[in-house]
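So the chains spell out like this:
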Amino acid sequence: MLSFGQVQALTMEATMAQLVLPHDVALERIQRAQELLTKQNKTCMFLPVSADLEWLTGYQAHALERLTVLIVRQSGVPILIAPELEVVTLEVPKDLFIVRKWSQSEDPFKMALIAATGDEHVQILNENLVVGKKMPAMHLLPLMSLLPQNHFEDSTSIIAHLRRQKDQAEIHAMAEVARCVDLTIAEIQQGKIPLLGRTERAVAEDVKSSMLRNGHDSVSFCIVATGPNSADPHHEPDDTVIKMGHVVLFDIGGRRNGYSSDITRCVVMGPANKRQKDVYHEVRKAQQRAFEIVCVGIPANIIDSAARESLDSCDLGQHFVHSTGHGIGLDEHEDPFITKMNTEPLLLNECFSLEPGVYLNGEFGFRLEDIVIVTNNGAMRLNYARRDLIELNI
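Calculation criteria
- Residues numbered from 1 in each chain as written.
- Predicted model: local features only at pLDDT ≥ 70, side-chain atom pairs only at ≥ 80, totals over all residues.
- Heavy atoms only, no water.
- Helix = DSSP H or I, 4+ residues; strand = E, 2+ residues; numbered from the N terminus.
- Polar contact = N/O pair within 3.5 Å; in protein donor to acceptor, adjacent residues only side chain to side chain.
- Contact = heavy atoms within 4.5 Å.
- Core = buried A, V, L, I, M, F, W, Y, C linked by side-chain atoms within 4.5 Å.
- Buried < 20%, exposed > 50% of the residue type's maximum accessible area, 1.4 Å probe, protein only.
- Salt bridge = Lys/Arg side-chain N within 4 Å of Asp/Glu carboxyl O.
- Expected span 1.5 Å × (residues − 1).

Student: Would you explain the side chain of Arg163 in this entry?
Tutor: Looking at where Arg163 falls in the secondary structure, it is placed in helix α6 (residues 159-164). Looking at Arg163, its side chain comes within polar contact range of the side chain of Glu334, at 2.6 Å. When sequence neighbours within four positions are dropped, the list of residues in contact with Arg163 reads Ala51, Asp52, Trp55, Leu330, Asp331 and Glu334.

Student: Where do I start with the nonpolar core in this structure?
Tutor: One broad trend across soluble globular proteins is that nonpolar side chains are buried collectively. Among the nonpolar cores identified, the biggest contains 38 residues, and Met45, Leu56, Tyr59, Leu70 and Ile158 are the most heavily contacted of them. Element by element, the count of residues in this core is highest for helix α2 (residues 23-39), at 5 residues. Ala286, Ile298, Leu354 and Leu360 belong to the second-largest nonpolar core, a separate cluster that totals 34 residues.

Student: Looking at this model, I keep getting lost on the pattern of salt bridges. Mind explaining?
Tutor: Oppositely charged side chains can form a pair if their charged atoms are brought close together. A full pass over the atoms with the stated rule returns 29 salt bridges. Across the salt bridge formed by Asp239 and Arg201, the nearest N and O atoms sit 3.0 Å from each other. With Asp239 in the loop between β9 (218-226) and β10 (247-256) and Arg201 in helix α8 (residues 200-213), the pair connects residues that are 38 residues apart, well separated along the chain. Using a relative accessible area of 40% as the deciding quantity, one classes Arg201 as partly exposed.

Student: Hey, could you run me through helix α7 (residues 168-189) in this one?
Tutor: Side chains that are three or four residues apart share a direction in an α-helix, a result of its 3.6 residues per turn. Compared with the 32 Å implied by 1.5 Å per residue over 22 residues, the 31 Å span of α7 between its first and last C-alpha is a close match. Between the side-chain oxygen at the start of α7 and the backbone nitrogen of Ala169 there is a gap of 3.1 Å, and the oxygen is on Asp167. A positive phi of about 75° marks Gly191, the residue just after α7.

The structure is reproduced here in structure tokens:
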């Protein structure tokens with residue numbers, strides 16, 4: 001029988017190096033990106049292997065030390081520079097992007113330069129060049145050395161802006177993966193995954209198996225934090241044993257058809273005491289306050305403030321140590337970020353988490369997280385798992 005890690009590796013391998021986007025959708029996205037490049041007076045854009053590349057073209061590939069980069073100019077068909085061993089079986093419509101393979105005897109950075117200029121003898125000077133946010137320094141620095149006296153900036157104003165507003169197919173994918181993770185949370189809340197007397201690590205393995213069984217293609221993360229560990233927002237499951245009276249925090253997420261889930265729920269082993277009930281009540285109230293004011297055009301920081309002020313009103317605000325939420329889609333964390341500093345107004349069909357939390361060091365922590373989408377009528381939750389405080393004895 002394959003181990004969990006082997007299953008996940010095979011699943012990933014099966015989804016790499018292929019086109020996963022309808023041809024017409026990819027063409028339309030490329031056109032929109034080129035329109036923004038022209039409007040913003042950006043000469044061209046260099047996109048590495050990343051969710052940005054996948055969103056724009058549908059091309060999935062492994063991020064390796066070998067350079068793979070898509071060059072998108074203001075007009076014309078984009079050019080993909082890729083190592084020949086990565087594109088042996090790749091078939092791409094000629095109007096989507098051109099594949100230029102490089103061998104071990106060629107310089108892929110000079111190939112990228114030619115793709116950007118059309119001629120290795122043509123210099124780009126004093127131009128605005130866009131680089132994908134996920135491009136590693138080992139690739140960016142050689143490109144910059146070949147393109148001196150130019151202004152480089154990240155792709156936020158182009159790709160991140162376009163990705164913020166999900167189309168109907170993306171919304172469907174997000175709803176579907178949310179449904180899958182809800183099924184696993186329901187198993188936990190119903191006591192179908194035994195907790196009492198077991199280690200966090202053992203429970204986490206059962207939760208991961210449940211996520212795959214309930215429709216995820218892969219598991220991205222699985223936090224199981226019991227007792228005082230639940231006061232550590234990003235605790236890694238260890239050999240701590242779950243005991244009666246403990247708060248157990250579950251923050252889990254995975255992928256289905258490329259799109260990400262992310263949810264947090266907490267349970268209490270045995271009857272919750274008054275302090276646990278009171279703190280959880282305030283966390284749930286803070287999330288609801290934030291949820292109720294979500295609408296098109298509201299600045300992201302106002303939503304963060306709503307959750308924060310709700311917890312401040314009951315003297316718990318100092319224990320809320322992270323932002324209220326983050327965008328989600330092909331990436332687990334993407335724009336928009338629901339933070340104190342983000343004054344960007346929300347757009348229709350943006351998808352993000354709402355996840356206030358209170359962490360009492362040495363005692364317990366509670367976080368409540370749902371994925372929501374911005375509609376013309378306010379926020380709509382994609383997660384429907386129970387949000388009350390569940391008490392378990394199994």
